[in-house]
Amino acid sequence: MAYSFPEEVLEHVFSFLSSDRDRNAVSLVCKSWYDIERWCRRRIFVGNCYAVSPEIVIRRFPELRAVEMKGKPHFADFNLVPEGWGAYAYPWIAAMAEAYPFLEEIKLKRMVVTDESLELISKSYKNFKVLVLTSCEGFTTDGLASIAANCRHLRELDLRESEVEDLSGHWLSHFPDSCTSLVSLNMSCLGSEVSFSALERLVARSPNLRTLRLNRAVPLERLANLIRRAPQLVELGTGAYSAEIRSDTFSNLADAFSACKQLKTLSGFWDVVPSYLPAMYSVCSGITSLNLSYAAIPSSDLVKLINQCQNLQRLWVLDYIEDSGLDALAASCKGLQELRVFPSDPFGAEPNVPLTEQGLVSVSEGCPKLESVLYFCRQMSNAALIAIAKNRPNFIRFRLCIIDPQAPDYLTLEPLDTGFGAIVENCKELRRLSMTGLLTDRVFKYIGSHAKKLEMLSVAFAGDSDLGLHHVLSGCDSLRKLEIRDCPFGDKALLANAAKLETMRSLWMSSCFVSFGACKLLAQKMPRLNVEVIDERGPPESRPEGCSVERVYVYRTVDSRQRLDRPDFVWTLDEDSSLRYS
Amino acid sequence: MEKGGGGGLETELRLGLPGGEVEKNEKKRVFEEFDGCEDRAAVHKNQVVGWPPVAVFRRKNSFNEGKLYVKVSMDGAPFLRKVDLTMHKGYTELVRALEDLFGCFGIGEALKGDEENYEFVPIYEDKDGDWMLLGDVPWEMFAESCKRLRVMKRVEENGVGLHAKDLLKGLSKED
């Protein structure tokens, strides 16, 4: 090996590679590069916690500093995954506590995290800096108290959208006076009141604090004092944005806001009193991201606010904005990149606000940089979708939810196949698509033919036959995640495309026409897939042949053992390929 | 399908339902129309799990899952009452509940536009402290911003009726 570089040189070169893809490529070059790379990898991302085991990770990467991981499938957000399915963080935390004493960052999404895990984290890693728990559950404020008390160099504590059992607000007071390292604190998902004086002191002694997201229990009267102590804030989430109308409260707040020259992101706004919105106007010209999706603000007040935010790049809002508000958005915010419109009354049978497909058409016309959309509405037409597709060929994410499942084109009463077909045909960079409405196999044919960069597809109440599923599995070259509910897709398409499933992260199908027999067959054929039948009605074998399973979740894994933490409603093929289950 | 034990799988793609053990219509049953049933919204909500796809976290934190009691006063009545706004899905239901509470009829008439034949004017105080006529904004927005309700009684003078707007004009910000 006369011409090879010394290890230290290679390691130094590799240190410039931050993307996982590049590092994975490097490790495939030859055995010595594989070895050098694995010793110097510091960060990993595990997209499915069951795709690999802690032992395998630790064996390969002995010196990690940051771990990011996802657990439950996305449809868990909509209660489609039964309670107790899995995604427990503890085995990972426990294994890593032994193996990585210098671990600094843990980021988990849709996992079950216990107080025990949090305590273990707080005591095992001397240099722990970053804890981000997105849509997690299973812990209480006691666990947070351990983190606050023991992590002396804590920089980030972010609990976005997690379900925390809120025993008391006392946890915040556990941050010692010596803790001055906080950069980001997101407690917006918590219910109870923390000590306001403790919070103020914490903010005052954290000169690097960039992100502060308060919870609903922090009243508006307290906000001014808090942000006065942190004029360097970049991201602010308010608490409840309501108070008695008093001019001194207003001017106090307006003053405090005007000192925050770096503010770029605003969120919170529970219980909003629109008269207090103008207190923020002084910062609006710098705002790039605005989350008003929990705020009931009438359209006229929204428009006044939006007109102040000319540099807006991201807007999350309720459908109270109405079509007219979206027209105003299209006129004012030419730099808009992402729009999410959520329903204020998702379960109502009739529309409660004048928000239709027209709002989305306007924004697609007026905002040339718009690339990411999530839109809830109650009617759609092929004409509108075609117009949107032609206006915005630069879409990367397009998620449309028409509240009434299987709603046809409201003008022609036809399926919305051609509309969505236009989207995939025109938007060649589309990576994520969610479809709703009346859809036949034809839309899947369009998707299979055109959506070559599509990585994630969500489908509900669509299609006529297995042909639909077959089009997607055989045509979408970049597909990584496919989630399907209530579609007439079954065994044939699944088994015909078994090999494809190993190239994807996961496939979810619930309330479809997949039989237990097909699941067993798939598991037998594809040893590197876990085929989980999630069925709460008892042993699938006890049902007549050809009967559909409630749900099936298929994912690739390098961990050859079946997962040991399966609950009794998850049925998988046993290791010796026999037809036993669970 | 079970025949495909060793080598290739038999695939026979055709248009139409595989298996056929579950009638397509059975699956669609959840979307049957209910004729004029007021509970249609509730039925929809209960029938399809996880639909519409609003994340559970968002649902829990947006729509008032708790109770929302507000005081209601009626001109001429000696005592105030309280109503729970979360118990009602819309203005019609609320008006009916108010009529039950005060033992009268016709509270909703003033909302019907240019009707002259009404006795009551239902109004509410919003978060900004303004008194508003019931019915202008979407129900959910009303429920979130309503601090209290009042049912005013129209007083006829010289046989000339007063419009709801005139009554509102006379109101200052009460405490």
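Residues numbered from 1 in each chain as written. Chains lettered and ligands numbered in written order. Predicted model: local features only at pLDDT ≥ 70, side-chain atom pairs only at ≥ 80, totals over all residues. Heavy atoms only, no water.

**Concerning the overall build of chain A**
Phase 1: When helices and strands are tallied, chain A shows 21 helices and 23 strands.
Phase 2: Out of the 582 residues in chain A, the part that is buried amounts to 60%.
Phase 3: Partitioning the contacts of chain A with sequence separation of at least 6, the portion at a separation of at least 24 is 69%.
Phase 4: Of the accessible surface of chain A, which amounts to about 22700 Å², a share of 50% is contributed by carbon and sulfur atoms.
Phase 5: Treating the 66 positive side-chain charges of chain A as one cloud and the 73 negative ones as another, the clouds have centres 6 Å apart. (Helix = DSSP H or I, 4+ residues; strand = E, 2+ residues; numbered from the N terminus. Buried < 20%, exposed > 50% of the residue type's maximum accessible area, 1.4 Å probe, protein only. Contact = heavy atoms within 4.5 Å. Areas by Shrake-Rupley, 256 points an atom, 1.4 Å probe, with all protein chains shown as cover. Lys, Arg positive; Asp, Glu negative; His and termini not counted. Charge placed at Lys NZ, Arg CZ, Asp CG, Glu CD.)

**Regarding the overall build of chain B**
Phase 1: Across its full length, chain B holds 6 helices and 5 strands.
Phase 2: A separation of at least 24 residues holds for 46% of the contacts in chain B among residues at least 6 apart in sequence.
Phase 3: On chain B, roughly 10700 Å² of surface is accessible, and the fraction owed to carbon and sulfur atoms is 48%.

**Examining the confidence of the model for chain A**
Phase 1: For chain A, mean pLDDT is 95; residues scoring 70 or higher make up 98% of the total.
Phase 2: Predicted confidence for residues 576–582 of chain A stays below pLDDT 50, and this span has 18 contacts to residues more than four positions away or in other chains. (pLDDT = per-residue confidence, 0-100.)

**Considerations on the sheet that holds strand β1 (residues 69–74) of chain B**
Residues and elements named next belong to chain B.
Phase 1: Strand order across the open sheet formed by 5 strands is β2-β1-β5-β3-β4, with mixed pairing between neighbours. Across the chains shown, the open sheet's two edge strands, defined by having one partner strand only, are β2 (81–84) and β4 (131–133). Across the sheet, the mean angle separating the axes of adjacent strands is 30° when strand polarity is ignored.
Phase 2: Relative to strand β5 (residues 146–153), β1 runs parallel, the two being bridged by 4 bridges. Bridge pairing in β5 places S73 opposite R150.
Phase 3: Against the sheet, helix α4 (residues 91–102) touches β1, β2 and β5, its axis set at about 150° to β2. (Pairing = 2+ DSSP bridges. Axes fitted to C-alpha atoms, helices over the stretch in contact; angles between N-to-C directions.)

**Notes on helix α12 (residues 299–308) of chain A**
Phase 1: Residues S299, D301, L302, V303, L305 and I306 of chain A constitute the buried set of α12 of chain A.
Phase 2: Buried-residue contacts for α12 of chain A involve α11 (281–284), β12 (289–292), β13 (314–318) and α13 (322–332) of chain A.

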